[in-house]
Amino acid sequence: DAGITQSPRHKVTETGTPVTLRCHQTENHRYMYWYRQDPGHGLRLIHYSYGVKDTDKGEVSDGYSVSRSKTEDFLLTLESATSSQTSVYFCAISDGTSANYGYTFGSGTRLTVV
Amino acid sequence: SQKIEQNSEALNIQEGKTATLTCNYTNYSPAYLQWYRQDPGRGPVFLLLIRENEKEKRKERLKVTFDTTLKQSLFHITASQPADSATYLCALVNSGNTPLVFGKGTRLSVIA
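Figured I'd write up the structure that's included with this text. (Residues numbered from 1 in each chain as written. Chains lettered and ligands numbered in written order. Predicted model: local features only at pLDDT ≥ 70, side-chain atom pairs only at ≥ 80, totals over all residues. Heavy atoms only, no water.)

## Comments concerning the interface of chain A and chain B
Using the following cut-off: Only heavy atoms matter for contacts: two residues are in contact if any of them lie within 4.5 Å across the pair. We define buried area as the total accessible area lost by two parts upon association, computed with a 1.4 Å probe and summed across both. A pair is scored as a salt bridge if a Lys or Arg side-chain nitrogen falls within 4 Å of a carboxyl oxygen belonging to Asp or Glu. Note on conventions: DSSP H or I runs of at least 4 residues are helices, E runs of at least 2 residues are strands, and numbering of each starts at the N terminus.
At the junction of the two partners, chain A supplies 22 residues and chain B supplies 19 residues. When chain A packs against chain B, the two sides together hide about 1,600 Å² of surface, and 56% of this comes from carbon and sulfur. When the buried area of chain A at its contact with chain B is split by residue, L43, S98 and A99 of chain A rank highest and sum to 28% of it. Joining chain A to chain B, the criterion identifies zero salt bridges. Secondary structure elements with two or more residues in the side of chain A that touches chain B: strand 4 (31-38) and strand 5 (42-51) of chain A. With four residues, the single largest contributor to the side of chain A that touches chain B is strand 5 of chain A.

Put into C-alpha coordinates, the structure is as follows:
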(Lines give C-alpha, C1' and ligand atoms only; values in the text may rest on other atoms or scores of the structure.)
Protein backbone atom coordinates (compact mmCIF):
# COMPACT_ATOMS: atom_id res chain seq x y z
CA ASP A 1 0.00 0.00 0.00
CA ALA A 2 1.24 3.43 -0.88
CA GLY A 3 3.13 5.13 1.94
CA ILE A 4 3.28 2.19 4.30
CA THR A 5 5.22 -1.03 4.04
CA GLN A 6 5.51 -4.00 6.35
CA SER A 7 8.38 -6.44 6.44
CA PRO A 8 8.68 -9.31 6.22
CA ARG A 9 5.47 -10.31 4.42
CA HIS A 10 5.73 -13.89 5.63
CA LYS A 11 7.76 -15.48 8.41
CA VAL A 12 7.98 -18.88 10.02
CA THR A 13 9.77 -19.00 13.34
CA GLU A 14 10.27 -21.44 16.18
CA THR A 15 8.70 -21.28 19.59
CA GLY A 16 10.81 -19.35 22.04
CA THR A 17 12.69 -17.23 19.53
CA PRO A 18 12.43 -13.43 19.41
CA VAL A 19 10.86 -11.94 16.30
CA THR A 20 10.74 -8.33 15.11
CA LEU A 21 8.26 -7.03 12.56
CA ARG A 22 8.84 -3.69 10.91
CA CYS A 23 6.42 -1.03 9.77
CA HIS A 24 7.78 1.80 7.65
CA GLN A 25 5.84 4.86 6.50
CA THR A 26 6.69 7.70 4.16
CA GLU A 27 3.64 9.84 5.00
CA ASN A 28 5.07 11.57 8.10
CA HIS A 29 1.95 10.57 10.05
CA ARG A 30 2.09 10.97 13.79
CA TYR A 31 0.04 7.93 14.79
CA MET A 32 1.01 4.31 14.17
CA TYR A 33 -0.70 1.14 15.30
CA TRP A 34 -0.13 -2.61 15.42
CA TYR A 35 -3.12 -4.93 15.17
CA ARG A 36 -3.37 -8.70 14.87
CA GLN A 37 -6.15 -10.42 12.98
CA ASP A 38 -7.35 -13.90 13.81
CA PRO A 39 -10.39 -15.89 12.67
CA GLY A 40 -13.25 -15.37 15.09
CA HIS A 41 -11.61 -12.37 16.74
CA GLY A 42 -11.27 -9.73 14.09
CA LEU A 43 -8.67 -7.01 14.43
CA ARG A 44 -7.30 -6.50 17.93
CA LEU A 45 -4.98 -3.69 18.98
CA ILE A 46 -1.56 -4.71 20.30
CA HIS A 47 0.26 -1.40 20.77
CA TYR A 48 0.12 2.06 19.31
CA SER A 49 2.26 5.16 19.10
CA TYR A 50 1.29 8.81 19.14
CA GLY A 51 4.75 10.14 18.46
CA VAL A 52 8.43 9.32 18.56
CA LYS A 53 9.17 7.42 21.77
CA ASP A 54 5.49 7.73 22.83
CA THR A 55 3.74 4.39 22.89
CA ASP A 56 0.89 2.75 24.75
CA LYS A 57 -0.57 -0.70 25.20
CA GLY A 58 -3.61 -2.09 23.49
CA GLU A 59 -6.02 -4.87 24.26
CA VAL A 60 -3.62 -7.78 23.62
CA SER A 61 -0.17 -6.43 24.50
CA ASP A 62 1.12 -9.31 26.65
CA GLY A 63 4.20 -10.89 25.07
CA TYR A 64 4.80 -7.94 22.73
CA SER A 65 6.91 -4.82 22.90
CA VAL A 66 7.28 -1.91 20.51
CA SER A 67 9.73 0.85 19.74
CA ARG A 68 9.50 4.03 17.76
CA SER A 69 12.79 5.90 17.54
CA LYS A 70 11.94 7.66 14.28
CA THR A 71 8.67 8.99 12.90
CA GLU A 72 8.79 6.60 9.97
CA ASP A 73 9.47 3.31 11.75
CA PHE A 74 7.41 1.36 14.26
CA LEU A 75 8.82 -2.00 15.33
CA LEU A 76 6.87 -4.81 16.95
CA THR A 77 8.86 -7.43 18.87
CA LEU A 78 7.63 -10.77 20.07
CA GLU A 79 9.99 -11.35 22.93
CA SER A 80 9.67 -15.15 22.96
CA ALA A 81 7.32 -16.35 20.27
CA THR A 82 4.54 -18.79 21.17
CA SER A 83 2.13 -20.72 18.97
CA SER A 84 -0.71 -18.45 20.14
CA GLN A 85 1.05 -15.59 18.40
CA THR A 86 0.58 -17.22 15.01
CA SER A 87 -1.47 -14.58 13.26
CA VAL A 88 -1.61 -11.92 10.58
CA TYR A 89 -0.16 -8.66 11.84
CA PHE A 90 -1.24 -5.33 10.40
CA CYS A 91 0.36 -1.97 10.85
CA ALA A 92 -1.72 1.16 10.35
CA ILE A 93 -1.03 4.88 10.27
CA SER A 94 -3.18 7.97 10.67
CA ASP A 95 -2.57 11.67 10.25
CA GLY A 96 -4.49 12.53 13.40
CA THR A 97 -6.75 11.07 16.02
CA SER A 98 -9.25 8.32 15.24
CA ALA A 99 -12.02 10.84 15.76
CA ASN A 100 -11.17 12.66 12.57
CA TYR A 101 -8.99 10.44 10.41
CA GLY A 102 -9.27 7.05 8.85
CA TYR A 103 -6.39 4.63 9.04
CA THR A 104 -4.16 3.47 6.21
CA PHE A 105 -3.18 -0.14 6.66
CA GLY A 106 -0.19 -2.04 5.40
CA SER A 107 -0.45 -5.32 3.54
CA GLY A 108 0.19 -7.39 6.64
CA THR A 109 2.76 -9.89 7.88
CA ARG A 110 1.70 -13.51 8.14
CA LEU A 111 3.61 -15.02 11.07
CA THR A 112 3.64 -18.72 11.83
CA VAL A 113 5.17 -19.96 15.08
CA VAL A 114 5.99 -23.67 15.00
CA SER B 1 -18.95 -6.44 28.74
CA GLN B 2 -18.19 -4.31 25.70
CA LYS B 3 -19.19 -5.76 22.36
CA ILE B 4 -19.32 -4.76 18.72
CA GLU B 5 -21.55 -7.06 16.67
CA GLN B 6 -21.86 -7.05 12.93
CA ASN B 7 -25.13 -8.62 11.86
CA SER B 8 -23.90 -11.74 10.25
CA GLU B 9 -20.68 -13.36 9.21
CA ALA B 10 -21.81 -13.58 5.58
CA LEU B 11 -24.40 -11.89 3.40
CA ASN B 12 -25.30 -12.87 -0.16
CA ILE B 13 -27.23 -10.53 -2.44
CA GLN B 14 -28.09 -10.24 -6.10
CA GLU B 15 -26.30 -7.76 -8.30
CA GLY B 16 -28.16 -4.46 -8.54
CA LYS B 17 -29.80 -4.77 -5.13
CA THR B 18 -28.98 -2.68 -2.08
CA ALA B 19 -26.81 -4.38 0.51
CA THR B 20 -27.39 -3.38 4.12
CA LEU B 21 -24.85 -4.28 6.78
CA THR B 22 -25.45 -3.71 10.48
CA CYS B 23 -23.09 -2.78 13.29
CA ASN B 24 -24.45 -2.88 16.84
CA TYR B 25 -22.48 -2.01 19.92
CA THR B 26 -22.93 -2.60 23.65
CA ASN B 27 -21.39 -0.72 26.57
CA TYR B 28 -19.65 1.77 24.33
CA SER B 29 -20.44 5.44 23.92
CA PRO B 30 -18.68 6.19 20.67
CA ALA B 31 -18.65 9.66 19.28
CA TYR B 32 -17.25 8.48 15.97
CA LEU B 33 -17.61 5.41 13.84
CA GLN B 34 -15.72 4.26 10.75
CA TRP B 35 -16.29 1.65 8.06
CA TYR B 36 -13.59 -0.28 6.21
CA ARG B 37 -13.44 -2.72 3.34
CA GLN B 38 -11.06 -5.69 3.40
CA ASP B 39 -10.25 -7.97 0.48
CA PRO B 40 -8.68 -11.42 1.02
CA GLY B 41 -4.98 -11.20 1.78
CA ARG B 42 -5.04 -7.41 1.99
CA GLY B 43 -5.20 -4.80 4.73
CA PRO B 44 -8.45 -2.94 5.44
CA VAL B 45 -9.19 0.16 3.39
CA PHE B 46 -10.91 3.18 4.95
CA LEU B 47 -14.30 4.06 3.45
CA LEU B 48 -16.26 6.47 5.62
CA LEU B 49 -16.23 8.22 8.99
CA ILE B 50 -19.39 9.44 10.69
CA ARG B 51 -19.72 11.54 13.82
CA GLU B 52 -22.45 11.18 16.45
CA ASN B 53 -24.04 14.48 15.42
CA GLU B 54 -24.26 13.31 11.80
CA LYS B 55 -27.26 11.10 11.15
CA GLU B 56 -26.13 10.09 7.68
CA LYS B 57 -23.05 10.23 5.45
CA ARG B 58 -22.80 9.43 1.75
CA LYS B 59 -19.99 8.68 -0.66
CA GLU B 60 -20.92 7.65 -4.19
CA ARG B 61 -22.96 4.41 -3.82
CA LEU B 62 -22.21 4.13 -0.11
CA LYS B 63 -24.37 5.43 2.72
CA VAL B 64 -23.77 5.16 6.45
CA THR B 65 -26.18 6.00 9.27
CA PHE B 66 -25.38 6.34 12.96
CA ASP B 67 -28.09 6.08 15.59
CA THR B 68 -26.70 6.58 19.10
CA THR B 69 -30.09 5.85 20.66
CA LEU B 70 -30.30 2.42 19.02
CA LYS B 71 -26.52 2.00 19.40
CA GLN B 72 -26.36 1.02 15.77
CA SER B 73 -24.77 1.95 12.45
CA LEU B 74 -26.10 0.81 9.09
CA PHE B 75 -23.92 0.59 6.00
CA HIS B 76 -25.65 0.54 2.62
CA ILE B 77 -24.27 -0.19 -0.83
CA THR B 78 -26.75 0.72 -3.54
CA ALA B 79 -26.77 -0.85 -7.00
CA SER B 80 -24.35 -3.49 -5.74
CA GLN B 81 -21.82 -5.07 -8.12
CA PRO B 82 -19.76 -8.26 -7.93
CA ALA B 83 -16.72 -6.01 -7.38
CA ASP B 84 -18.28 -4.95 -4.06
CA SER B 85 -17.75 -8.48 -2.73
CA ALA B 86 -15.45 -8.16 0.27
CA THR B 87 -15.49 -8.15 4.06
CA TYR B 88 -16.73 -4.92 5.61
CA LEU B 89 -15.60 -3.87 9.06
CA CYS B 90 -17.08 -1.30 11.38
CA ALA B 91 -14.87 0.38 13.93
CA LEU B 92 -15.59 2.84 16.67
CA VAL B 93 -13.74 5.36 18.75
CA ASN B 94 -14.66 4.71 22.32
CA SER B 95 -13.45 7.98 23.81
CA GLY B 96 -11.09 10.87 23.28
CA ASN B 97 -8.03 10.03 21.29
CA THR B 98 -8.18 6.28 21.76
CA PRO B 99 -7.50 3.96 18.82
CA LEU B 100 -10.21 2.26 16.82
CA VAL B 101 -11.93 -0.85 18.13
CA PHE B 102 -13.07 -3.14 15.31
CA GLY B 103 -15.98 -5.48 14.83
CA LYS B 104 -15.35 -8.91 13.34
CA GLY B 105 -16.72 -7.96 9.96
CA THR B 106 -19.40 -9.12 7.53
CA ARG B 107 -18.41 -10.95 4.35
CA LEU B 108 -20.53 -9.67 1.49
CA SER B 109 -20.94 -11.65 -1.71
CA VAL B 110 -22.69 -9.98 -4.64
CA ILE B 111 -23.92 -12.57 -7.09
CA ALA B 112 -24.22 -11.72 -10.79
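So, next bit.
## Concerning the side chain of T109 of chain A
Selection rule: A 3.5 Å cut-off defines polar contacts: any pair of N or O atoms within that distance qualifies, except that in protein one atom must be a possible hydrogen donor and the other a possible acceptor, and neighbouring residues in sequence count only when both atoms are side-chain atoms.
Considering the arrangement of structural elements, one finds T109 of chain A in strand 11 (residues 109-113). Reaching out from T109 of chain A, the side chain makes a polar contact with the backbone oxygen of P8 of chain A at a distance of 2.5 Å.

## A word on the pairing of strand 4 (residues 32-38) of chain B
Residues and elements named next belong to chain B. Stated precisely, the cut-off is as follows: When accessible area is computed with a 1.4 Å probe and restricted to protein chains, residues below 20% of their type maximum are described as buried, those above 50% as exposed, and intermediate ones as partly exposed. The criterion for strand pairing is that DSSP finds at least two bridges linking the strands in question.
Here strand 4 lies mainly inside the structure; six of its seven residues are buried. Across six bridges, the pairing between strand 4 and strand 5 (residues 45-51) is antiparallel. Considered in strand 5, the bridge of Y36 is made with F46. Linking strand 4 back to strand 5 in an antiparallel pair, the connection comprises six residues, with G41 at a positive phi of about 75 degrees.

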